[in-house]
Each structure stands twice: as C-alpha cells, then as structure tokens.
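# Topology and contacts: notes
Residues per chain are reported as follows:
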Amino acid sequence: MTVQQYLREWTDEPVRNVLAGMVGTFALIPEVIAFSYAAGVAPQVGLFASFVISIAIAITGGRPGMISGAAGSVALVAADLVHSHGYQYLLLATLLAGFIQIVFGLLRMQNIMRFVSREVETGFVNALAILIFSAQVPQMLHVTWHTYALIGVGLAIIYLLPRVTTAVPSPLVCILALSALSIMLNLPVHVVADLGPLPEGLPRLVLPSVPLNVATFTTVLPYAFAMAMVGLLESLMTAAVVDELTDTHSNKRMECTGLGLSNMLVGLFGGMAGCGMIGQTVGNLRYGGRGRLSTFTAGAFLLLLLVVLHRFVARVPVAALVAIMIMVSISTFSWRSVRDLARHPRLSSLVMLVTVAVVVATHDLAAGVACGVLLNGLFFSFQVMKLAGVTPETSPDGLTRLYRVRGELFFASASILPDTVDFQDASPSVIIDLADAHIWDISAADTLGKTVARLQERGKAVSVIHANPRAAALCSAVGWGGVLS
C-alpha cells in the first residue's frame, strides 16, 4: 500500500464517514455491553476494548470501513477463563492473543483461511448463534415476570420499528424505551449497574496482576490461542464481506497484524480482545462509511458518549440487552442452511453439523472450525482418491505388461498401484506409464519406488515413463531416483 492510498483512505468524503461512524457508535454500545456480560466482565471492559480497538485498527488495519470491537465470538471464548480464573487472567490472554495475531500476519499465514470451506463457515456462524442465545438463558431464570414482559416489548420494538423507519437503529430505541419504562415504573429488574461499574473517564494503562510462571501461561495460552484464531477468522470473514459489498480489495495480512497490535493495546488498557463485527460493519457501509475515518469516529464518539451519559447507561435494564442478543442470535443463524441440509451433498452437511456440534459441546469456536476443516479435508481426500486408477494391458506377444496410471497419487490413493500390479505375471518386461498421473507427496513416491523394486526382485525389466519433474524430485528425495526412465 502506498502512502497516497493510505492518506486517501482517511480523507475521502470526511463528512459522510464521520456521520456514518457516529451512527455506528449507537449500534455498537448495546451489543458491546451485552457481550461484556456474556463474557462475565464489567461493561467498561468491553466498552474500553471497543474504543481502543476502533482507534487502533483505524490506523493499523487493512480494511477501511470495517468496525471492530468486543465481539460476541471472542467474548464466548473468554467467558470460561473469566469464570474459572478471573479478570486479570483475561488481560494476559488478551495480550497473548494479540501477539499471536501479529505473528500470524508476519508469517503471511492469513492464506490459511482459504482452507475454511463454506460449510465450515456456516457451521461457525450457526454455532455462534446458538452460544449467544444459550448465554442469555441464565438472565431469564429466577426473575420476575417484569423481565419477560420487557424482553417481549424489546423484541417487538427491534423487529417492528424498522417497518416504520430506519433513521434510528431499533436496538437503540429498544434500550431507550425499556429504560424509560423501568425507571418510570420502578420495575424490580436487573440493570446494567448490577453487572459492574461503567467507565467515567479515559482508560488507564494497566498490567495483568497475575504470577508470571509456567503454570499461569499453561492455563492462559489455550484460551489466548482460541481467542486469536476466532478473532482472526471473524475479522477476515468480515473483511471479505466488505470487499464484496464495495468491489474493493483489502490487505488481509495488514488486517491480521493490525488486529494483533490493537488487541495488545486493549490488554494494556484493561479491555478484552475483540475483532471485526459483521453487523456494525454492514451498518456503517449502509450509511456511507467506507474510509478509516468512520472506524476512528466510531471509537472516539463511543468514549464521548460514555463519559457524558454513563449514569443513564448504568440504569439500562438487562432485559433490553437480552432482547438485543436474542435478535443477534436469530439474525446470525443461517436459517437457509437448515433447508440446504436436504439439498446439499451429505458429506458437506455432515461437516457443517460436526462444526456446530463441536463448538456447542466445547464452547470453543476455534476447536469447531479446526474439526470442520480437518473433516472437510478428509472427505476431499476421499473424493480425490476415488479418481485415481490403474489400467493393466498386455502386449500381443505377451512379453510386456503395461500399467497406465491416472489421477492424483498421494498418501490416500497411492496403494492402488501395488494393489493392481500382478507381481506373479509371466511377462519379463513391465512399463508403468505416468502420463495421466501426478505424484503429490513422498508417500506416493515411496510406494512407486517399492513397487518397482518388488518387480525387479522377480527379475523383470521395469520402465517408469512420462513422469513429470515433481515426481522425479520426490522419488529422489526418498531414495528412489533411479527407478524413473
């Protein structure tokens, strides 16, 4: 990226980007507070995180116009660590997650995300929706009927208001209306202040107050890695959505390192790790925010609102946040995928279902994605393996036996060659034709070499013809370089 291009991403249409960022802030606040309580931390932790990430990613990120903050996917991973070891361990995990993301970007490993298939992405999204909804259940247990009534009213506002007007985000109206009802009627319901203190000023520099020993890092590192991978996955998926909507390209490597730097700053200022937020990003684009200034404004305006309106935010009923998160879970879930279960190939549907099952069972989004990718790779290998084949032919004089190999030979399919070759055949000469075959790994090269050696042990003259340079290099690497003609 050139300096001129970077500056243009800051200066193009400044008024429109500032206004879009301000609107994005209103959409950001309710979900960030809700994600904070889902993670088991005070609202200020998620709010500070969103402020820091928005400011930092606007400067260091690789996708202009993308809103990042304390997202639900990372919050769900962090929740188990917070509940079992406390807030200070979360700060260390955030710092380590940021460091992992920086290394990920520096090593150009963002291309690994290409191995995440559509069915794995769908499973990821569906599992995230299920976990978001399940995280609301404790807030709906052992409460008065007033809480259920507020949730119902909140959902009605969220879904019905957009039919009348879209000038103001319906989740914001939900918060304002339910807060007014709760305050005027003095309803016996939980409020945001019950979840923890809200910020009243600028975030301050802090360091994790934990023993820095092997036991601590052993405890924190798995959570940090999961937070890093989930954050990268969601950010890169969000960046891809923006690329498609704007017909532009983003620097995925820069986005990885930028997210890592942002999360390290978040950890130093007392927040929890975050990532790209698809809903807020799409809203920002809808209002014309395509530059870095919109992302910067979303963070700066967020802090301004918190400093000025923190007393009001403290009186927001938790029921409003539950209603918003139920809406988020419903809109996040890919309902089309349920219908597609019967239309898509069974193996593809199985990959999606396994991804969902692993995530829901372990509450680890990264583990679910990893299982889905591995299973998808296994099924793909099985399909490619079936394309390989060997056709035996015998010359009219019976002196030469020809084996025509076709398809892709690798660890899963290479055994088809020795299984087809007739080692007891009386023909003194054998030809193995690789014109329509490709040798992909050392397993296939070693199998080819051993097959030739077994034939030669029986006194046959063996020729391997039409091998490509890759096959020659692999055979040489495993000590069978002399078998090729």
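You'll find the structure just up there.
In this report, the structure presented in the accompanying data block is examined. What you see is a predicted model; the values in this text were computed from it and never measured.

Before going further, it helps to spend a moment on the overall build of the chain. When you go through the chain residue by residue, the secondary structure sums to 19 helices and six strands. The long-range share in the chain, meaning contacts at least 24 apart out of those at least 6 apart in sequence, stands at 84%. Per element, the accessible surface of the chain, about 22,000 Å² overall, is 65% carbon and sulfur.

Turning our eyes to something else, we now look at empty space enclosed by the protein. Inspection of the entire model under this criterion finds two cavities of 30 Å³ or more. In this model, the largest cavity occupies a volume close to 60 Å³. Contributing to the lining of the largest cavity are Ile-57, Ala-58, Gly-61, Gly-62, Arg-63, Pro-64, Met-66, Ser-68, Glu-255, Arg-292 and Thr-295. Only α3 (43-60) and α12 (292-314) provide two or more residues apiece to the lining of the largest cavity. Of the residues in the lining of the largest cavity, the class split is four nonpolar, four polar and three charged. Its boundaries defined by the atoms lining it, the second largest cavity holds a volume of some 40 Å³. Surrounding the second largest cavity, Gln-139, Val-143, Thr-147, Val-189, His-190, Val-318, Ala-319 and Val-322 form its lining.

The next thing to look at is helix α15 (residues 346-362). Taking 1.5 Å per residue, 17 residues should reach 24 Å; α15 reaches 24 Å between its end C-alpha atoms and fits that length. Residues Ser-349, Val-351, Met-352, Thr-355, Val-356, Val-358 and Val-359 constitute the buried set of α15. Looking one or two residues beyond α15, the residue adopting positive phi is His-363, at roughly 60°.

Counted according to the given criterion, the structure contains ten salt bridges. Across the salt bridge formed by Asp-340 and Arg-343, the nearest N and O atoms sit 2.9 Å from each other. With Asp-340 and Arg-343 both in helix α14 (residues 335-343) and three residues apart, this pair spans about one turn of that helix. According to the relative accessible area criterion, Asp-340 is buried, its value standing at 4%. In this structure, Lys-450 and Asp-446 form a salt bridge, with 3.1 Å as the shortest nitrogen-oxygen distance.

Here the focus is the packing of helix α5 (residues 87-106) against helix α9 (residues 214-246). One can describe the packing of α5 onto α9 by two numbers: an axis separation of 7 Å at closest approach and a directional angle of 55°. Taken together, α5 and α9 sit at an angle that is classed as oblique. For α5 against α9, the interelement crossing comes out right-handed. Between α5, through Tyr-89, Leu-90, Leu-92, Ala-93, Thr-94, Leu-96, Ala-97, Ile-100, Gln-101 and Phe-104, and α9, the contact on the second element is made entirely by Thr-216, Phe-217, Val-220, Leu-221, Ala-224, Phe-225, Met-227, Ala-228, Met-229, Gly-231 and Leu-232. Across the contact of α5 with α9, the residue classes break down as 17 nonpolar, four polar and no charged.

Okay, the packing of helix α6 (residues 118-134) against helix α13 (residues 318-332) next. Running from N to C, α6 and α13 cross one another at 160°; their axes reach a closest spacing of 8 Å. Between α6 and α13, the angle falls in the class roughly antiparallel. As α6 runs across α13, the sense of the crossing is left-handed. Facing α6, whose interface residues are Val-125, Leu-128, Ala-129, Ile-132 and Phe-133, α13 presents Met-325, Ile-326, Val-328, Ser-329 and Thr-332. Looking at side-chain class alone, the contact of α6 with α13 contains eight nonpolar, two polar and no charged residues.

The next subject is the nonpolar core. Grouped together as the largest cluster of nonpolar side chains are 106 residues, with contacts concentrated most on Cys-174, Met-227 and Met-272. Discounting chain neighbours no more than four positions away, the residues touching Cys-174 are Gly-154, Ile-157, Ile-158, Ala-320, Ala-323 and Ile-324. Of all hydrophobic cores here, the second largest spans 24 residues; its members include Ala-388, Ala-414, Phe-423 and Cys-475.

Position of Ser-68 among the secondary structure elements: in strand β1 (residues 68-69). Ser-68 gets classed as buried once you look at its relative accessible area, which sits at 0%.

Attention now goes to the packing of aromatic side chains. Per the stated rule, a full pass over the model turns up three aromatic pairs. With a centroid separation of 6.0 Å and 70° between ring planes, the pair formed by Trp-10 and Phe-296 is classed as edge-to-face. In this pair, Trp-10 is assigned in helix α1 (residues 3-11) and Phe-296 in helix α12, connecting sequence segments 286 residues apart. Residue classification places Phe-296 among the partly exposed positions, given a relative accessible area of 30%. For the cation-ring pair, Arg-454 lies above Phe-423, with the distance from its terminal atom to the ring centre recorded as 3.8 Å.

This part is about the pairing of strand β4 (residues 400-409). Relative to β4, strand β3 (residues 389-394) runs antiparallel, the two being bridged by six bridges. Within β4, the position partnered with Thr-391 by the bridge is Arg-404. As paired strands, β4 and strand β5 (residues 429-439) are joined by nine bridges and run parallel to one another. Each residue of the ladder has a partner; that of Arg-401, found in β5, is Val-430.

What follows concerns the sheet that holds β5. A sheet is described by the order of its strands in space; here four strands give the open sequence β3-β4-β5-β6, paired in mixed fashion. Edge positions in the sheet fall to β3 and β6 (461-465), since each of these pairs with one other strand and no more. Averaged over all neighbouring strand pairs, the angle between strand axes comes to 15°, with direction disregarded. On top of the sheet, helix α18 (residues 442-457) reaches β4, β5 and β6; it is set at about 175° to β5, its chief contact.

Let's shift gears to a nonpolar patch on the surface. Where nonpolar side chains cluster on the molecular surface, the patch consists of Tyr-159, Leu-160, Ile-330, Trp-335, Val-338, Leu-341 and Leu-353 and spans about 650 Å² of accessible area. When contributions to the nonpolar patch are tallied by element, the ones reaching two or more residues are α7 (145-164) and α14.

Now for the layout of surface pockets. A volume near 380 Å³ is recorded for the second largest pocket. Considering every element that reaches the lining of the second largest pocket, the biggest residue donor is α1, with three residues. Class assignment of the residues belonging to the lining of the second largest pocket gives a composition of two nonpolar, nine polar and six charged.

Procedures and definitions
- Residues numbered from 1 in each chain as written.
- Predicted model: local features only at pLDDT ≥ 70, side-chain atom pairs only at ≥ 80, totals over all residues.
- Heavy atoms only, no water.
- Helix = DSSP H or I, 4+ residues; strand = E, 2+ residues; numbered from the N terminus.
- Contact = heavy atoms within 4.5 Å.
- Areas by Shrake-Rupley, 256 points an atom, 1.4 Å probe, with all protein chains shown as cover.
- 1 Å grid on protein atoms, 1.4 Å probe; cavity = no way out; pocket = protein on both sides within 12 Å on 5 of 7 lines; lining within 4 Å.
- Points joined across faces, edges and corners; volume = space filled by probe spheres on them.
- Nonpolar A, V, L, I, M, F, W, Y, C, P; charged D, E, K, R; others polar.
- Expected span 1.5 Å × (residues − 1).
- Buried < 20%, exposed > 50% of the residue type's maximum accessible area, 1.4 Å probe, protein only.
- Salt bridge = Lys/Arg side-chain N within 4 Å of Asp/Glu carboxyl O.
- Axes fitted to C-alpha atoms, helices over the stretch in contact; angles between N-to-C directions.
- Parallel < 35°, antiparallel > 145°, perpendicular 65-115°, else oblique.
- Left-handed = near helix turned anticlockwise from the far one by under 90°.
- Core = buried A, V, L, I, M, F, W, Y, C linked by side-chain atoms within 4.5 Å.
- Phe/Tyr/Trp six-rings, centres within 6.5 Å; stacked < 30°, edge-to-face > 60°.
- Lys NZ or Arg CZ within 6 Å of the ring centre and 35° of its normal.
- Pairing = 2+ DSSP bridges.
- Patch = residues over 30% accessible without salt bridge, like charges linked within 9 Å, V, L, I, M, F, W, Y side chains within 5 Å.

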